[in-house]
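# Structure assessment
Next come the chains, spelled out residue by residue.
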Amino acid sequence: DLSKAMSQAGTSQFQEVIRQELEYSMKVELDKILATAPSNELQHTKKDLEGFKKLFHRFLQEKGPSVDWGKIQRPPEDSIQPYEKIKARGLPDNIASVLNKLVVVKLNGGLGTSMGCKGPKSLIGVRNENTFLDLTVQQIEHLNKTYNTDVPLVLMNSFNTDDDTKKILQKYSHSRVKIYTFNQSRYPRINKETLLPIAKDVSYSGENTECWYPPGHGDIYASFYNSGLLDNLIAEGKEYIFVSNIDNLGATVDLYILNHLMNPPNGKRCEFVMEVTNKTRADVKGGTLTQYENKLRLVEIAQVPRAHVDEFKSVSKFKIFNTNNLWIALSAIKRLQEKNAIDMEIIVNPKTLDGGLNVIQLETAVGAAIKSFENSLGINVPRSRFLPVKTTSDLLLVMSNLYSLNAGSLTMSEKREFPTVPLVKLGSSFTKVQDYLRRFESIPDMLELDHLTVSGDVTFGKNVSLKGTVIIIANHGDRIDIPAGAVLENKIVSGNLRILDH
C-alpha cells in the first residue's frame with residue numbers, strides 16, 4: 001500500500017508540474033496576443049483574456065464529469081413550485097410599480113448558421129415578416145403602453161452579432177422601449193493537442209474569424225457587470241432581470257412570476273428563479289434541477305458520468321428540464337461578481353474547423369450559477385413558455401395556424417382541441433430557411449395534426465391540410481408534389497406520390 005501511495009503521490013506531483021507548465025505556456029501566448037491589441041481595445045481585450053485565463057485554470061484543475069452521482073437527490077417538494085399556485089395569488093393593484101423594477105435581457109449571441117442563414121439568428125423572419133427581435137420589441141412595447149411603465153430591453157450580443165444588430169436597432173428608435181446592448185467576452189479557441197490558442201493576434205476578421213468564440217451564456221454575469229450597465233440599471237431602481245434565449249418565442253414577461261419575486265408570500269425574496277417544464281421524449285437531453293449538497297443545482301447531460309446517462313434521460317426519475325427562462329436579482333449578481341463567487345461548471349465544446357483542425361472551446365451556462373445564489377427556486381411552468389425555434393421544423397410550427405399572434409406574443413389557437421404541439425420532423429432538404437420557404441407555397445393547415453415526417457424532395461401546394469399522422473417519403477431521385485388543396489389525414493405518401501391509408 002505504501003508503494004501504491006507513493007506512486008499516486010508521484011503521479012499527482014507529475015500532473016501538477018504539467019499543469020503549471022501548461023498554464024505558463026498559455027500565459028506567454030496570451031501576453032503575445034495582448035501585445036498586438038490597438039490602444040483603444042487594450043483594456044477590453046485585457047479583461048477578456050483575464051477571464052479566459054481563470055476559466056483555463058479551472059479547466060486544468062477539473063477532470064471528467066463534475067458531479068458525484070451518489071450525491072444527487074430529488075429536489076425537496078417546496079423548492080419547485082407549480083405555476084398554478086403562483087398564479088392563484090393574483091396580481092396587486094400596483095402592478096406598474098412592480099414592472100418598473102424589471103429589465104428584460106435576451107441572449108442574442110447566436111448566428112443563424114444551423115438554419116443556413118448568415119448573420120444574427122434574431123434577424124430571421126418567423127411570423128408575418130417579423131423577426132425574433134421584432135416580436136421581442138413588440139411584446140415589451142405592449143407592456144409599457146398597457147401599464148404606462150418603462151421596462152427596458154437589454155441584448156447580450158457577441159462579436160458575431162453586434163454590428164448587424166446595432167444597424168437594425170435604428171428602426172426601433174421611435175418605439176416605446178429603451179434598448180441597451182453589451183457584448184459577451186471574446187475568448188481564444190485552443191488547439192486540442194497542444195492546449196494553446198490558435199490565434200496569433202487580436203484581430204478577428206478574415207482568416208482569423210475561426211480563432212475566437214463567445215464563451216456561452218454563462219458569461220452574462222461578468223460581461224454585464226464589466227460593461228457598467230448593471231450598475232446603471234441598479235442606480236435607476238431596477239431590481240430583477242428576466243433572462244431568456246431570443247429564439248424562445250414562449251419567453252414573455254409573466255406578471256405572476258414577477259409579483260411572486262417582488263412580493264414573496266413568506267417575506268423572503270428569491271435571488272434566482274429558474275422556469276422548468278415537464279419533460280417529453282423530445283427533451284431527454286435538457287438540463288434538470290436536482291438537490292446537491294443542500295442546494296438546488298442544474299445538472300447538464302455533459303456532467304453526468306457515462307454509466308448514468310440513461311438514468312439521467314429517464315422521464316420518470318427526472319421529470320422536468322430547464323427552459324433557460326431565468327429571473328435574477330441584480331443586487332445579487334453585483335454582490336457575487338464582486339466576490340468572484342459565481343461558480344459554474346465548465347462545458348468543454350469540441351469543434352473541428354473547416355481546415356480539419358480539432359479545437360476546444362471552454363464555455364459556461366447561465367443556469368448553472370443557480371447554486372451560487374441565496375434562496376433559489378424552480379417554478380414548473382406550462383409548456384407554452386418553452387417554444388424554441390432551433391430548426392425549420394420548429395419554424396413550421398410557429399408559422400402555422402396552430403398559433404395566433406397578438407402584440408408580439410404567440411398563443412396556441414383556441415381551435416386546436418388539445419394543447420400539445422404536433423411532432424414535426426422535416427428532412428435535410430428543408431434544413432436551410434431558403435429551401436424550406438421554397439418548398440411551401442403556403443403553410444399547411446395543421447390544427448388537427450399529431451405527427452408529420454417529411455423526407456426527400458417534397459413540395460407543398462397552396463392550402464394543404466394535414467391531420468393525424470402524415471408521413472411523406474420521396475425516394476432518392478423521385479419527387480413528390482403535394483397538390484394544392486390536398487387534405488392528408490393519417491396518410492403515408494411514398495415513392496412518387498402514392499397515397500395510402502395510415
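Just so it is clear, the structure is predicted and the values come from calculations on it, not from any experiment.

What counts and how
- Residues numbered from 1 in each chain as written.
- Predicted model: local features only at pLDDT ≥ 70, side-chain atom pairs only at ≥ 80, totals over all residues.
- Heavy atoms only, no water.
- UniProt positions renumbered as here; feature names shortened; annotations may be inferred.
- Helix = DSSP H or I, 4+ residues; strand = E, 2+ residues; numbered from the N terminus.
- Contact = heavy atoms within 4.5 Å.
- Domains from an automatic or database assignment.
- Buried area = accessible area lost by both parts, 1.4 Å probe.
- Salt bridge = Lys/Arg side-chain N within 4 Å of Asp/Glu carboxyl O.
- Polar contact = N/O pair within 3.5 Å; in protein donor to acceptor, adjacent residues only side chain to side chain.
- Phe/Tyr/Trp six-rings, centres within 6.5 Å; stacked < 30°, edge-to-face > 60°.
- Buried < 20%, exposed > 50% of the residue type's maximum accessible area, 1.4 Å probe, protein only.
- Lys NZ or Arg CZ within 6 Å of the ring centre and 35° of its normal.
- Arc of directions from axis to C-beta.
- Pairing = 2+ DSSP bridges.
- Axes fitted to C-alpha atoms, helices over the stretch in contact; angles between N-to-C directions.

Here we take up the UniProt feature "binding site: substrate" (unreviewed entry) in the chain. This chain's UniProt record puts "binding site: substrate" (unreviewed entry) on His-217. Mapped onto the fold, His-217 is located in the loop between strand S9 (212–213) and helix H7 (220–226). Those residues in contact with His-217, other than ones at most four positions away along the chain, are Leu-107, Met-156, Gln-184, Asn-245, Asn-324, Thr-364, Ala-365 and Val-366.

Assigned domains of the chain: these are domain 1 (69–385) and domain 2 (392–494). Here the C-alpha centroids of domain 1 and domain 2 sit 30 Å apart. The partner domain 2 presents 16 residues to the 15 residues of domain 1 that form the contact. Summed over both partners, the interface of domain 1 with domain 2 comes to about 1200 Å²; 62% of that surface belongs to carbon and sulfur atoms. Run the count over domain 1 and domain 2 and you get 0 salt bridges. For the interface between domain 1 and domain 2, the tally reads 5 residue pairs in polar contact (both at pLDDT 80 or more). Secondary structure elements with two or more residues in the side of domain 1 that touches domain 2: strand S3 (125–127) and helix H5 (132–147). Looking at which element gives the most residues to the side of domain 1 that touches domain 2, the answer is H5, with 4 residues.

One pass over the full model with this rule turns up 15 aromatic pairs. Here the aromatic rings of Phe-430 and Phe-440 are separated by 5.8 Å at their centres, their planes lie at 55°, and the arrangement is tilted. Within this pair, whereas Phe-430 is found in the loop between strand S20 (423–426) and helix H13 (433–439), its partner Phe-440 is found in the loop between H13 and strand S21 (445–455), the two being separated by 10 residues in sequence. Looking at Phe-440, the relative accessible area reads 8%, which means it is buried. By the ring-pair criterion, three or more aromatic residues cluster together here, those being Phe-52, Phe-56, Phe-59, Tyr-187 and Tyr-213. The residue whose ring lies beneath Lys-279 is Phe-312, and the NZ or CZ to ring-centre distance is 5.2 Å. The ring of Tyr-292 has Arg-297 lying over it, and the distance from NZ or CZ to the ring centre is 4.3 Å.

All right, on to helix H6 (residues 162–169) then. Since the α-helix advances by 3.6 residues per turn, residues separated by three or four positions end up pointing in the same direction. All of the buried residues along H6 are Asp-162, Thr-165 and Leu-169. Axial view of H6: buried residues confined to an arc of 70°, hence all on one face. Turned more than 90 degrees away from the buried face of H6, the exposed residues are Asp-163 and Lys-167. Tucked inside the fold, the buried residues of H6 contact strand S2 (102–108), H5, strand S5 (153–157) and strand S6 (179–183).

The feature "binding site: UTP" (unreviewed entry), as given by UniProt, occupies Lys-121, Gln-184, Gly-216, Asp-247 and Lys-390 in the numbering adopted here. For Lys-121, the position within the fold is in the loop between S2 and S3. Discounting chain neighbours no more than four positions away, the residues touching Lys-121 are Gly-110, Leu-111, Gly-112, Met-115, Phe-132, Asp-247, Val-389 and Lys-390. Within the secondary structure layout, Asp-247 lies in the loop between strand S10 (240–245) and helix H9 (255–262). Dropping the residues within four chain positions of it, Asp-247 is found in contact with Lys-121, Phe-132, Leu-387, Pro-388, Val-389 and Lys-390.

In this section: the pairing of strand S12 (residues 288–292). Where burial is concerned, most of S12 is hidden: 5 out of the 5 residues are buried. The two faces of S12 match: Thr-288, Thr-290 and Tyr-292 on one face and Leu-289 and Gln-291 on the other face are all buried. Examined bridge by bridge, S12 and strand S13 (residues 295–299) share 5 bridges and lie antiparallel to one another. By the bridge assignment, Thr-288 is partnered in S13 with Val-299. In this antiparallel pair of consecutive strands, S12 and S13, the connection spans 2 residues, and Glu-293 shows a positive phi of 50°.

Before going further, it helps to examine the sheet that holds strand S14 (residues 320–329). In space, the 8 strands of this open sheet follow the order S1-S17-S11-S14-S10-S2-S5-S6, with mixed pairing throughout. Strands with a single pairing partner mark the edges of an open sheet, and in this sheet they are strand S1 (80–82) and S6. The sheet shows a mean angle of 25° between the axes of neighbouring strands, direction not considered. The pairing of S10 with S14 spans 4 bridges and is classified as antiparallel. When the bridges of S14 are listed, Val-243 appears paired with Leu-326. Strands S2, S5 and S6 of the sheet are contacted by H5, whose axis makes an angle of about 155° with S5.

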